[in-house]
Amino acid sequence: MFNIAFHPSYQLPLPEKHRFPMEKYDLLPRQLMHEGTCTEADFFVPKKLDLSIINRVHTTQYIDKLTKLNLNKSETRKIGFPLSNELIEREILIAGGTVEGALKSLDTGIAMNIAGGTHHAYSEHGEAFRLFNDQAIAAQFLLDHKLANKILIVDLDVHQGNGTAEIFRNNTDVFTFSM
């Protein structure tokens, strides 16, 4: 059995002709079930993560600016999404799904998040369609709760997980490997 985080709000409505392929978050679960890789029972609905957990890797100032929709034009442009309360709630759910998945994987050996992998979110700013770094949040959560001593984050995207590397640059308990 897989444990796959998915929530309908992962697919956020975007302006027409926006370049981000948001529809993939609806298509991925359907494709996985269609090809028989998993069943509906393999999916779980993530819970919103408390901001204090997010604050372990993101600065208070950044979280406040985001939750108050107070980013300037340059900061919003760097993220690439129109700023909205729905977007912030979506990102909190994504982080929650990754933390829950990490906990579930300790019991079952595997878990995934359909919208996870937000490796371009830095401690103080978002970038490239990423606001909160779900991988860093989950890794820090596991360390904080003594559920892991050392963590290896293997990033198989086509470019470096620069936000994850920045967040853990001084933490020898987390090694980030971007391939």
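This is a predicted model, so every value here is computed, not measured. (Residues numbered from 1 in each chain as written. Predicted model: local features only at pLDDT ≥ 70, side-chain atom pairs only at ≥ 80, totals over all residues. Heavy atoms only, no water.)

A few points about the pattern of salt bridges
Evaluation of the coordinates by the stated rule reveals 8 salt bridges. A salt bridge links Lys47 to Glu100, with the shortest nitrogen-to-oxygen separation between them at 3.5 Å. On the criterion of sequence distance, the pair formed by Lys47 in the loop between strand 2 (43-44) and helix 2 (51-54) and Glu100 in helix 5 (residues 85-108) is long-range, its members being 53 residues apart. Using a relative accessible area of 57% as the deciding quantity, one classes Lys47 as exposed. Taking relative accessible area as the criterion, Glu100 reaches 16% and is therefore assigned buried. Taking the shortest distance from any N to any O, the salt bridge between Asp173 and Lys150 comes out at 3.6 Å. Of this pair, Asp173 sits in the loop between helix 7 (162-167) and strand 5 (174-178) while Lys150 sits in the loop between helix 6 (134-144) and strand 4 (151-155), and the two are 23 residues apart along the sequence. Residue classification places Asp173 among the partly exposed positions, given a relative accessible area of 31%. Since its relative accessible area comes to 58%, Lys150 is described here as exposed. (Salt bridge = Lys/Arg side-chain N within 4 Å of Asp/Glu carboxyl O. Helix = DSSP H or I, 4+ residues; strand = E, 2+ residues; numbered from the N terminus. Buried < 20%, exposed > 50% of the residue type's maximum accessible area, 1.4 Å probe, protein only.)

Quick word on a nonpolar patch on the surface
A contiguous nonpolar patch, built from Leu152, Val154, Leu156, Phe175, Phe177 and Met179 and spanning about 660 Å² of accessible area, is present on the exposed surface. Counting through the fold element by element, Phe177 comes out in strand 5. (Patch = residues over 30% accessible without salt bridge, like charges linked within 9 Å, V, L, I, M, F, W, Y side chains within 5 Å. Areas by Shrake-Rupley, 256 points an atom, 1.4 Å probe, with all protein chains shown as cover.)

Quick word on the packing of helix 5 against helix 6
One way to put it is that helix 5 packs onto helix 6 with a least axis distance of 8 Å and a crossing angle of 45°. Comparing the axis directions of helix 5 and helix 6 gives the class oblique. Relative to helix 6, the crossing made by helix 5 is right-handed. Touching Ile94, Ala95, Thr98, Val99, Ala102, Leu103 and Leu106 of helix 5 are Asp134, Gln135, Ile137, Ala138, Phe141 and Leu142, all from helix 6. (Axes fitted to C-alpha atoms, helices over the stretch in contact; angles between N-to-C directions. Parallel < 35°, antiparallel > 145°, perpendicular 65-115°, else oblique. Left-handed = near helix turned anticlockwise from the far one by under 90°. Contact = heavy atoms within 4.5 Å.)

A closer look at unusual backbone geometry
In the Ramachandran plot, Lys17 falls in the positive-phi region, its phi being about 70° despite a non-glycine side chain. Note that Lys17 resides in the loop between strand 1 (4-5) and helix 1 (24-34). Although it is not a glycine, Lys146 adopts a positive phi angle of roughly 55°. With respect to the secondary-structure elements, Lys146 resides in the loop between helix 6 and strand 4.

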